[in-house]
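Breakdown of the fold
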Amino acid sequence: MLVEPNTPLQAHNSFGISAKALQLVRVRTEADVQAVLADTTLRESPKFVLGGGSNIVLTGDVKPLVLKVEIKGMRLVEETDKAWVVEAAAGEKWHDLVAWTLDNGWPGLENMALIPGSVGASPVQNIGAYGVELQDRFHSLDAIDLTTGQTFSLDAAQCAFGYRDSVFKHESSGQNGLGLAGKALITRVRFLLRKDWKPVLGYLDLERKMAETGISQPTAMQIFEWVCAIRRAKLPDPAVIGNAGSFFKNPTVTQDQCDDIIAREPKVVHYLLDDGRIKLAAGWLIDACGWKGKTVGNAGVYDKQALVLVNVGGKEHPCTGGEVMTLAKAIQTSVYERFGIRLEPEPVVV
């Protein structure tokens, strides 16, 4: 275990914000975490778990000990008559896992292609795209308690998944509180991919691809290629333009609330959920308020997709976390004033 002092984090957050970790440890095996907890000077230090850095906004140097997760490995754990169970280490890139499963003929993750970030971060955020969420394919995960050093496993129910939410995003309350925010480091995640696979095609962009190609029953690989093409056309590559992907959650409303908005804004983009509620497209709401292409300092709204905030200053003159959050709060205010909807940011503000 090597403790790296004053480590630049600009290359380790997808926004490209310039900040430093006062102390950083690269976690490449579970033993590295145990070594940190066995060190008397580090054991009691506050800790910040860093994966791919694709879902954070750094507003200054990171004072807690940064645990940079770099554990690697992917494998087939089990095959039954009904499903495959695959496992990926937390430090693997999410998109690499999706591509690997499809290359091996195990469908199910294709709608979530090209989502940035690491496998370890995927259950924290309950990532999702184009009608599929991680919880729909989740089997279980392994993690290490950052206080006791004990390893433990969680199934889907224990992860308490919600829309872009999980037990890892909440502080524990009381002696029996279930929140694990800041208390655990995920090491491996397993997925259940069913053999009776059916395509999930309920999103407008995918329906357009079906119409363009004349393919009404696409394979998983075709959906994967469509999703990659759609995302590349809409979303900036963080390696070229710094960003954290979709910055706001798509808000959900009741049918009555949606009807009220439609009466004023007939073109509002919305989707019916299984529980009867309506999901509104946050990007459409932001665009309708005129934010596309607008900037605050070196933070801006992407001119091709209003749901994405970007670093318009590049690596040489990067935006600050303060500029990003000032822009985000201005957007929230204008959307609330026009639609009565409170947008909630997806990234973690550090």
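Our subject is the structure that appears above.
Description of the structure in this document. (Residues numbered from 1 in each chain as written. Predicted model: local features only at pLDDT ≥ 70, side-chain atom pairs only at ≥ 80, totals over all residues. Heavy atoms only, no water.)

1. Some remarks on the layout of surface pockets
- The computed volume of the second largest pocket comes to approximately 1,100 Å³.
- For the second largest pocket, the lining is made up of 39 residues, of which S14, P116, D237, P238 and A239 are closest to its centre.
- Contributions of two or more residues to the lining of the second largest pocket are made by β5 (65–69), α2 (94–103), α6 (220–234) and β13 (242–246).
- Residues that form the lining of the second largest pocket fall into these classes: 13 nonpolar, 17 polar and 9 charged. (1 Å grid on protein atoms, 1.4 Å probe; cavity = no way out; pocket = protein on both sides within 12 Å on 5 of 7 lines; lining within 4 Å. Points joined across faces, edges and corners; volume = space filled by probe spheres on them. Helix = DSSP H or I, 4+ residues; strand = E, 2+ residues; numbered from the N terminus. Nonpolar A, V, L, I, M, F, W, Y, C, P; charged D, E, K, R; others polar.)

2. Describing the nonpolar core
- Counting residues in hydrophobic clusters, the biggest one holds 43 residues, and the most contacted among them are W94, L141, F168 and F191.
- Elements supplying a minimum of two residues to this core: β7 (83–89), α2, β10 (138–145), β12 (184–194), α5 (204–213) and α6.
- Apart from the residues lying within four places of it in its own chain, the contact partners of F168 are V124, L141, L154, C159, L180, A181, A184 and I186.
- In terms of nonpolar packing, the next biggest core, distinct from the first, is built from 41 residues, C258, I278, I341 and L343 among them. (Core = buried A, V, L, I, M, F, W, Y, C linked by side-chain atoms within 4.5 Å. Buried < 20%, exposed > 50% of the residue type's maximum accessible area, 1.4 Å probe, protein only. Contact = heavy atoms within 4.5 Å.)

3. Side note on the environment of Q150
- By secondary structure assignment, the location of Q150 is in the loop between β10 and β11 (151–155).
- Setting aside residues no more than four positions away along its own chain, Q150 makes contact with A143, I144 and D145.

4. Topic: the packing of aromatic side chains
- Going through the model one piece at a time under the given rule, you end up with 8 aromatic pairs.
- Judged by centre distance (6.4 Å) and plane angle (75°), the rings of F15 and F247 are edge-to-face. Here the residue F15 occupies a position in the loop between β1 (3–8) and β2 (20–27), and F247 occupies one in the loop between β13 and β14 (252–253), the gap between them amounting to 232 residues. Considered together, F15 and F247 belong to a single accessibility category, that of buried residues.
- Cluster of aromatic residues (ring-pair linked, three or more members): F15, F247 and F248.
- Over the ring of Y336 we find R342; its NZ or CZ atom is 4.0 Å from the centre of that ring. (Phe/Tyr/Trp six-rings, centres within 6.5 Å; stacked < 30°, edge-to-face > 60°. Lys NZ or Arg CZ within 6 Å of the ring centre and 35° of its normal.)

5. Details of α5
- Every buried residue of α5 is accounted for by D205, L206, K209 and M210. The arc that holds the buried residues of α5, viewed along the axis, is 145°, so those residues lie on one side. In α5, the exposed positions that point more than 90 degrees away from the buried face belong to A211 and E212.
- Taken together, the buried residues of α5 touch α6.
- Positive phi shows up at G214, right after α5, with a value of about 75°. (Arc of directions from axis to C-beta.)

6. Considering the sheet that holds β7
- One open sheet holds the 5 strands; their spatial order is β6-β7-β12-β10-β11, and the pairing between them is antiparallel. Two strands close off the open sheet at either side, each with one partner strand: β6 (74–79) and β11. Between one strand and the next, the sheet's axes are offset by a mean angle of 20°, whatever the strand orientation.
- As paired strands, β10 and β11 are joined by 5 bridges and run antiparallel to one another. Directly across from D142, in β11, lies its bridge partner S153.
- Contacts from helix α1 (residues 30–38) reach β10 and β12, with the element oriented near 30° to β10.
- Sheet contacts for α2: β6, β7 and β12; angle to β6, the most-contacted strand, approximately 50°. (Pairing = 2+ DSSP bridges. Axes fitted to C-alpha atoms, helices over the stretch in contact; angles between N-to-C directions.)

7. Let's talk about the pattern of salt bridges
- Tallying each qualifying case throughout the model produces 20 salt bridges.
- Of the charged contacts in the structure, one is a salt bridge between E133 and R164, with a shortest N-O distance of 3.2 Å. Of this pair, E133 sits in strand β9 (residues 132–133) while R164 sits in the loop between α4 (156–159) and β12, and the two are 31 residues apart along the sequence. Note on accessibility: E133 and R164 belong to one class, buried. (Salt bridge = Lys/Arg side-chain N within 4 Å of Asp/Glu carboxyl O.)

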